[in-house]
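Listed here are the chains, written in short residue letters.
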Amino acid sequence: MVNGGSELTRATGEIYYLPGMGGRLDAGLGEELLRRGFALSGRETIGAFKKLRFGEQVDAVKQDLVEGFWRPEARVIANSFGGYLFLHAQLVLEPFPGRVLLLSPVIGATAQGATGMRFYPPRADALMQTAQAGGFPKPDNIEVHVGEEDWQAGPQALVEFCNAVRIKVHLVPGRGHMLGSDYVGSLLESWLNSG
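All of the points below concern the structure found in this document. No experiment lies behind these values; they were computed from the predicted model shown.

**Quick look at the nonpolar core**
General note: in soluble globular proteins, nonpolar side chains tend to be found buried as a group.
Item 1. Counting residues in hydrophobic clusters, the biggest one holds 38 residues, and the most contacted among them are Leu-65, Phe-86 and Phe-161.
Item 2. Only strand S2 (14–18), helix H3 (54–68), strand S4 (75–79), helix H4 (81–91), strand S5 (99–103), helix H5 (126–132), strand S8 (141–147) and helix H6 (155–165) provide two or more residues apiece to this core.
Item 3. Tallying contributions element by element places H4 first for this core, with 6 residues.
Item 4. Among the nonpolar cores identified, the runner-up in size contains 17 residues, and Leu-25, Ile-77, Leu-103 and Val-172 belong to it.

Structure below.
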């Protein structure tokens, strides 16, 4: 597990952060969380971690959660592919007891008709199949946000998944995979200061 931030920032709170593919803890959203005074732990989806097989990545996330964040006051933020890793780790656990914020989480295979671009992650059908069978262990406190025009996360499939699991999903009009710093900044302000 990679840690970011200093001991001084731990007084404000620590967040377990899973960035999107090729993401680092100290860049993008992670940089914003550090700027706000939060310590970060998580998995950068680069380097040695990226070279692991998907099952090993999921096992590492599961171990991080169980050993360091399995408590009601814990906070997890996952973005894009990081959300996919979190949801797959959740498949083999009891419902996560802390607070979870998923931004543009990948849910399975997607394609964009206009350009022909496709995304097919490992175990692409597992989340939806488990949700539809009623077996997904819904975290106690989870919030999901996705752009209405996000072909990578696939908002229609994500809504279907969330409905099956009874998770409220926030569809953001006019936004794609990148929800925008204006939207995410406002969301973080309310999410980090609540609960």
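**Describing the layout of surface pockets**
Item 1. Considered as a void within the structure, the largest pocket measures approximately 410 Å³ in volume.
Item 2. In terms of lining residues, the largest pocket is bounded by 21 residues, among which Tyr-17, Gly-28, Leu-29, Asn-79 and Met-178 are the most central.
Item 3. Where the lining of the largest pocket is concerned, the elements lending two or more residues are helix H1 (29–35) and helix H7 (181–192).
Item 4. Considering every element that reaches the lining of the largest pocket, the biggest residue donor is H7, with 4 residues.
Item 5. Within the lining of the largest pocket, the residues separate by chemical class into 10 nonpolar, 9 polar and 2 charged.
Item 6. Residue lining of the second largest pocket: 10 residues in total, with Met-21, Ser-80, Phe-81, Gln-152 and His-177 positioned closest to the centre.
Item 7. Of the residues assigned to the lining of the second largest pocket, the class counts are 5 nonpolar, 5 polar and no charged.

**Notes on unusual backbone geometry**
What you tend to see is this: most non-glycine residues have negative phi, and most peptide bonds are trans.
Item 1. One non-glycine residue, Ser-80, lies in the positive phi region at around 55°.
Item 2. Mapped onto the fold, Ser-80 is located in the loop between S4 and H4.
Item 3. Of the residues examined, Ser-80 reaches a relative accessible area of 11% and is grouped as buried.
Item 4. Of note in this structure, Ser-104 is not a glycine but carries a positive phi near 50°.

**Overview of the pattern of salt bridges**
It is possible for side chains of opposite charge to pair when their charged atoms get near one another.
Item 1. The tally for this structure, following the rule as stated, stands at 8 salt bridges.
Item 2. Among the salt bridges present, the one from Arg-71 reaches Glu-73, with a minimum N-O distance of 3.3 Å.
Item 3. A salt bridge links Arg-175 to Asp-182; the shortest N-O distance between them is 3.0 Å.
Item 4. What makes Arg-175 partly exposed here is its relative accessible area of 23%.
Item 5. One salt-bridge network, held together by shared partners, links Glu-32, Arg-35, Arg-36 and Glu-189.

**Some words on the side chain of Asp-64**
Item 1. By the element assignment, Asp-64 lies in helix H3.
Item 2. At a separation of 2.7 Å, a polar atom in the side chain of Asp-64 contacts the side chain of Arg-43.
Item 3. In contact with Asp-64, not counting residues within four places along its chain, are Met-1, Tyr-16, Arg-43 and Phe-69.

**Points about H7**
Because the α-helix completes a turn every 3.6 residues, residues three or four places apart line up on one side.
Item 1. The end-to-end C-alpha distance of H7, which contains 12 residues, comes to 15 Å, matching closely the 16 Å that a straight helix rising 1.5 Å per residue would cover.
Item 2. Next to the buried residues of H7 lie S2, H1, S4, S5 and S8.

**Thoughts on the pairing of S5**
Item 1. Counting buried positions along S5 gives 5 out of 5 residues, so the element sits mostly inside the fold.
Item 2. Covered by surrounding structure in S5 are Arg-99, Leu-101 and Leu-103 together with Val-100 and Leu-102, the residues of both alternating faces.
Item 3. In this structure, S4 lies alongside S5, joined through 5 bridges in parallel fashion. Bridging from a neighbouring strand, Arg-75 pairs with Arg-99 of S5.
Item 4. You can see the chain leave S4, run along H4 and come back into S5, and the turn it takes is right-handed.
Item 5. Of the pairings in the sheet, the one linking S5 to S8 comprises 5 bridges and is parallel in character. Along S8, the bridge assignment pairs Leu-102 with Val-144.

Reading the values: rules and limits
- Residues numbered from 1 in each chain as written.
- Predicted model: local features only at pLDDT ≥ 70, side-chain atom pairs only at ≥ 80, totals over all residues.
- Heavy atoms only, no water.
- Core = buried A, V, L, I, M, F, W, Y, C linked by side-chain atoms within 4.5 Å.
- Buried < 20%, exposed > 50% of the residue type's maximum accessible area, 1.4 Å probe, protein only.
- Helix = DSSP H or I, 4+ residues; strand = E, 2+ residues; numbered from the N terminus.
- 1 Å grid on protein atoms, 1.4 Å probe; cavity = no way out; pocket = protein on both sides within 12 Å on 5 of 7 lines; lining within 4 Å.
- Points joined across faces, edges and corners; volume = space filled by probe spheres on them.
- Nonpolar A, V, L, I, M, F, W, Y, C, P; charged D, E, K, R; others polar.
- Salt bridge = Lys/Arg side-chain N within 4 Å of Asp/Glu carboxyl O.
- Polar contact = N/O pair within 3.5 Å; in protein donor to acceptor, adjacent residues only side chain to side chain.
- Contact = heavy atoms within 4.5 Å.
- Expected span 1.5 Å × (residues − 1).
- Pairing = 2+ DSSP bridges.
- Right-handed = clockwise from strand over helix to strand, strands pointing away.

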